[in-house]
Each structure stands twice: as C-alpha cells, then as structure tokens.
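# Architecture at a glance
What follows is each chain in one-letter form.
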Amino acid sequence: MVTPEPRLVLVLGDQLSHDVAALRNADPARDIIVMAEVMAEATYAPHHPKKIAFVLAAMRKFAAELRGRGWRVAYTALDDPQNAGSIRAELLRRAHQHGAQDVIATQPGEWRLIAELDAVPLTLLQLPDDRFICSQGWFARWAKGRKVRRMEHFYREMRRATGLLMDGDAPAGGKWNYDHENRKPARAEMLRAGPLRTEPDAVTAAVLDLVEARFGTRFGRLRPFHFATDRAGALRALEHFITHALPDFGTYQDAMLSQDRYLNHAVIGLYLNFGLLDSMEVCHRVAAAWRDGHAPINAAEGFIRQIIGWREFVRATYFQEGPSYTARNTLAHDRDLPPLYWGAPTRMNCLSHVVEQTRDEAYAHHIQRLMVTGNFALLAGVAPQQVHEWYLSVYADAVEWVEAPNTLGMSQFADGGLIASKPYVSGGAYINRMSDYCARCHYRVKDRTGPRACPFNQLYWHFLTRHRTRFEHNPRMSRIYRNWDGMEPAHRETVLGEAEGFLARLDAGAAV
Ligand SMILES: Cc1cc2nc3c(=O)[nH]c(=O)nc-3n(C[C@H](O)[C@H](O)[C@H](O)COP(=O)(O)OP(=O)(O)OC[C@H]3O[C@@H](n4cnc5c(N)ncnc54)[C@H](O)[C@@H]3O)c2cc1C
Ligand code: SF4
C-alpha cells in the first residue's frame, strides 16, 4: 500500500486548544504539526516581554502535550539556527523537509496573517475557527438590514442560543441585564485575593531567559512572571477567580484602586484568547456557581455578558468589517501618541498609575483601559492607529480580533459608532467617583480652570466642541451640549483656551 504524503498542520500561538479545527481535521498517523516561534510575530508590534514569554512558554507546553497524545510535532524554537523567521518561511522549510504539499490551518484571528497564509505557495486550507459561539455567517445574517448593531440585542440572541442563564425562553431572574446593581466604587480596606500567581517551572524559566536576552529593553517588566502557561494552570486560575472574586465581580466591575491592580477581575483574557480555556466551559462554570448559591445573579450575568456578549460581538464585527477596519479614523484624529504612554513622567496620577501597572503586569482592567488611557487619547485627539498599536503591544491578552474593535471602536469611536452608541468620554469627575487616584494627584479634580485644573475637565469640553456637529443630535448627548451652552461665555472661552494650552504643551513634549 502506498503511504499518503504527509500534510502539515499549522498550529499558531493563539490556537493552543486540542480541539481546534485544524487538529480535528488531521490524522496523527499521517500528518505533521508545525509550530514555530518566529521573529516576525514577535516584532510586527513592540509586544510586552511578558506577553511574548507567555505565548512562547504556552506553545512549548502545548507541543509537549501534543507529542504526549501521539502527534509528530515539528517545533522551531526562536533561537534555533534553522529558524526561517516567519510563519510563511517556516511552512515552506517544513514542506521541503517532509516532502509535503498540503497544509491544514485554522483561520488566524488577524487579517494580516490570513493574507500571509493565502500567499503561501502550497495547497493551504484555512478552516473557520469554530471555538466561538457566533459564526461569521450567522452574524452577517443578523446584521443584514439593521441600521444599528447593538451589543445588547446581539447578547440576548447569544443567551437564547447557548441557554446560559435561561429559564425556558425567559432570562433567569426575570431580567436580561443586572448592570444597575453593578459599578460601585470599591473600598480600599477590603481585602481581595487577587489572581492566582503561578511560579515559573523549568520550561517557563528558560523562556524568560530567552525573552530577557532578546526583548529585555522593550517597554514592560518581564519579572516577576506569574501567568499560568498551560491548560491545567489556566483552569486553576479560573477556579481561584470563581472562589474568591466572582461573587463581587459585578459590584466592583468599574472600580479602580491604587493599591489593588486587579480588584474582582478574572485575569483570564489571555487564557481564553490563546486557547488554554474555552469560553463556554468558563460560562458554564460561572452559571453553576450562581445556581449553587455561591455568586449572585448580577455577578454571574455581568460576567457571562462580557464573554458571550462583548467578546463574541467584537470578534464578529472585526471579521464582518474586513481588513480595512483597522485603518478607520472617523473623527480624523492625528496627534502622536504622547510619550507618557511609554512611561515618560506625567503629573496626571490616573495615567501615571495605569501606565505603570501596564508596564509591570501587561494587564489593566477594562475601565482602566477605557476610561483612563483610552479616554485621554480620545479627548486629546490621538491618531487611532497609534492608540491601536499601543494596546495591541502592551497587554498580554491582546490579539487583534478582540483588541482592534475595543480600541478603535469602543474606545476611540474611530469606526463611527459601529461598536459604541456614543463616545466613551468623561471629565475627571467620573475617574474620581470610581477610583482613589485623584486624591494623590498634582491636579485638582474639582477645578475646571486654572493651572491645577484637571486636564480631563478641559479636554472633555474641547472634544465635545470640536465634534459638535457629529454629536449634538445624539439623543444620549444633547443634554450635555445644553449644559455647556448654559455656562457663561467667558468661562467657556477660558476652558477651551486652557485646553489648547495643554495640548500645545503635550505636543511640545513637556511633562503634563
Ligand atoms: C481599549 C481597550 C482595549 C482592549 N483590548 C483587549 C484585548 O486586547 N484583548 C482582550 O481580551 N480584551 C481587550 N479589551 C477588553 C477588556 O478590557 C479585557 O478583556 C479585560 O480587561 C481582560 O481582563 P480580565 O480577564 O480580568 O477580564 P474580566 O473583567 O474579568 O472579564 C472577563 C472576560 O470577559 C471578556 N471581556 C470583558 N470585556 C470584554 C470586551 N470589551 N471585549 C471582549 N471581551 C471582553 C474577556 O474575555 C475577559 O477575560 C480591551 C478593552 C479596551 C477598552
Ligand atoms: S485629578 Fe484628573 S488627572 Fe488627576 S487623577 Fe484625577 S482625573 Fe486624573
């Protein structure tokens, strides 16, 4: 009998799931899995060293698991002298080495890589990545004919489709959304366990040394490193979150505290996005915690909404909108990203705090990303593509399909309102209500004018004035414009003039 020629099975760094489509469609007796740590992927954006270390360690452990299950794995380490440097070049090298012509891949989560695979001169099949609840086809049908696509409507469909927190056709507890019970400020004296800290084992320790040598000068602290890097560790991190933090997840979802970088957040985004955890297993576990009386409905519903609602919605939007999505700039913002995002000193305590935490942890929670760093970039009119590159680089959970719609759509309104119904902007009062940052700031959050006035207060009105024609008829914003119009003309002029002065100092590279 003639042995069929082997096929290559490509497993990318964010496809570390044993039931990913390419693996399901391959044959361990015939096929060879290709996994490669390549410089092209580590350098197309200046990724945080912790993020690179997490991905490489997780890839190495996944390859070992595959071998343990009987697969042949052609694995290329970053420092292998034969390393061809890119996914495309590694596929060609392995095809030549094994006499293979056919490649089975799972579609990457980024248009850039989809195009790279399309251009590989082999017979390459990209299978849909079906680790998600909502398929591209389903979303296209749902979106068709809708003037606006709102996450809340989409989310209800996902609840019905999955049966999560449902009593027959009705939402458990009688309501779809319990957000009015959420979003309270947090008290500093409440002790929280924080995420599970996993000590690096020998595989991770070797990766840390490699990453230190190659990427140690980049923005971001590599050590201490406490992320889990395999499925067993990710499952332990999930259980730790459910036991210690889930019950108050909803209540303190939007709170920020100087001394607590995690509050009740799960810190599992990276495990979900790189394939160590499955979104439905996580949601079922959270729903079970509610059914068992361990977590209240506002926590379970709020958490599940983030995953089957927001996470699925942003992914579907990314693929529905096509490769040009990341180039959008509806508000025509063109300021350079200020150096403070890369750690240059600033007297704005909220920004200083979130950037420092980002540098240390490769993590900030949603409200820090949206209402501190994102809010400031939007108010200051920073070019959204520069903001996008920053978020894609600095967070360990950043993969383009989830990062880009969150940054360009939700945070920077660069897609003109596809993701968000209005821009997420605020003055200092919001940050003051939800955090303890303002108490230790050089600026005074209650001042609207003067040398110590909180810059958010002035930039807020500057932004709204710049974009008045676009937003004044938005039903959720017209009242804000009426408030502005009711202020003394001289006061309005001072606020706008001081905002201009602030932006000029920012452009001149002064520490603001
Ligand atoms: C500007 C900006 C950039 C972002 N970039 C990313 C990114 O690169 N990768 C990423 O996974 N998330 C991103 N988010 C969404 C969110 O901030 C992170 O998912 C969350 O902070 C991850 O931390 P956690 O696991 O502790 O989440 P938790 O707050 O504990 O939430 C649980 C899970 O819900 C999901 N989730 C929550 N909010 C969102 C959301 N808006 N979109 C998609 N999933 C969500 C995540 O999988 C998360 O792990 C971004 C948000 C903003 C505003
Ligand atoms: S006063 Fe303004 S700049 Fe300072 S921490 Fe508060 S919101 Fe940030």
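For the structure, check the block above.
Here goes a summary of the coordinates provided.

## Here we look at the site of ligand 2
Near ligand 2 you find M348, C350, G428, I431, Y437, C438, C441, Y443, V445, C454 and F456, and these make up its full shell. Class assignment of the residues belonging to the shell around ligand 2 gives a composition of 10 nonpolar, 1 polar and no charged.

## Points about unusual backbone geometry
Going from R223 to P224, the amide bond is cis rather than trans, its omega being 0 degrees. Mapped onto the elements of the fold, P224 is located in the loop between α8 (202-215) and α9 (231-244). You will see that A332, though not glycine, has its phi angle at about 50 degrees, which is positive. Inspection of the secondary structure puts A332 in the loop between α12 (297-321) and α13 (349-361). Taking the relative accessible area as the measure of exposure, A332 reaches 56% and is therefore exposed. One non-glycine residue, F413, adopts positive backbone phi at about 55 degrees.

## Observations regarding the packing of α9 against helix α11 (residues 279-291)
Close contact between α9 and α11 brings their axes to 11 Å; oriented N to C, the two are set at 30 degrees. One element, α9, and the other, α11, form an angle in the roughly parallel class. The handedness of the crossing between α9 and α11 is right-handed. Of the residues in α11, those in contact with R231, L235, L238, E239 and I242 of α9 are E281, V282, R285, V286 and A289.

## Some thoughts on the pattern of salt bridges
Inspection of the entire model under this criterion finds 33 salt bridges. Here K61 ties to D201 by a salt bridge, and the two come within 2.7 Å at their closest N and O atoms. With a gap of 140 residues between them, K61 in helix α3 (residues 49-68) and D201 in the loop between β7 (170-171) and α8 connect regions that are remote in the sequence. Among the residues examined, K61 registers a relative accessible area of 11% and is labelled buried. The exposure class of D201 is partly exposed, given its relative accessible area of 35%.

## What to know about the layout of surface pockets
Of the voids in this model, the second largest pocket is the one considered here, and its volume is about 320 Å³. Listing elements by their share of the lining of the second largest pocket, those giving two or more residues are α3, α10 (269-274), α11 and α12. A total of 3 residues in the lining of the second largest pocket trace back to one element, the largest contributor, which is α12. Across the lining of the second largest pocket, the residue classes tally to 9 nonpolar, 8 polar and 10 charged.

## So, the sheet that holds strand β2 (residues 32-36)
Reading across from one edge, β3-β2-β1-β4-β5 is the order of the 5 strands in this open sheet, with parallel pairing throughout. Bordering the open sheet on either side are β3 (72-76) and β5 (123-127), each of which pairs with just one other strand. Neighbouring strand axes in the sheet, compared pairwise and without regard to direction, differ in orientation by 25 degrees on average. Here 3 bridges tie strand β1 (residues 8-10) to β2, and the two strands are oriented parallel to one another. Counterpart to V9 in the pairing with β2 is I33. On the sheet, helix α4 (residues 87-98) packs against β1, β2, β3, β4 (102-106) and β5 and is oriented at approximately 135 degrees with respect to β3. Its contacts with the sheet place helix α5 (residues 111-118) against β1, β4 and β5, and it is angled at close to 150 degrees to β5.

Parameters and conventions
- Residues numbered from 1 in each chain as written.
- Chains lettered and ligands numbered in written order.
- Predicted model: local features only at pLDDT ≥ 70, side-chain atom pairs only at ≥ 80, totals over all residues.
- Heavy atoms only, no water.
- Near = heavy atom within 4 Å.
- Nonpolar A, V, L, I, M, F, W, Y, C, P; charged D, E, K, R; others polar.
- Helix = DSSP H or I, 4+ residues; strand = E, 2+ residues; numbered from the N terminus.
- Buried < 20%, exposed > 50% of the residue type's maximum accessible area, 1.4 Å probe, protein only.
- Axes fitted to C-alpha atoms, helices over the stretch in contact; angles between N-to-C directions.
- Parallel < 35°, antiparallel > 145°, perpendicular 65-115°, else oblique.
- Left-handed = near helix turned anticlockwise from the far one by under 90°.
- Contact = heavy atoms within 4.5 Å.
- Salt bridge = Lys/Arg side-chain N within 4 Å of Asp/Glu carboxyl O.
- 1 Å grid on protein atoms, 1.4 Å probe; cavity = no way out; pocket = protein on both sides within 12 Å on 5 of 7 lines; lining within 4 Å.
- Points joined across faces, edges and corners; volume = space filled by probe spheres on them.
- Pairing = 2+ DSSP bridges.

These results come straight from atomic positions and should not be treated as a statement about function.
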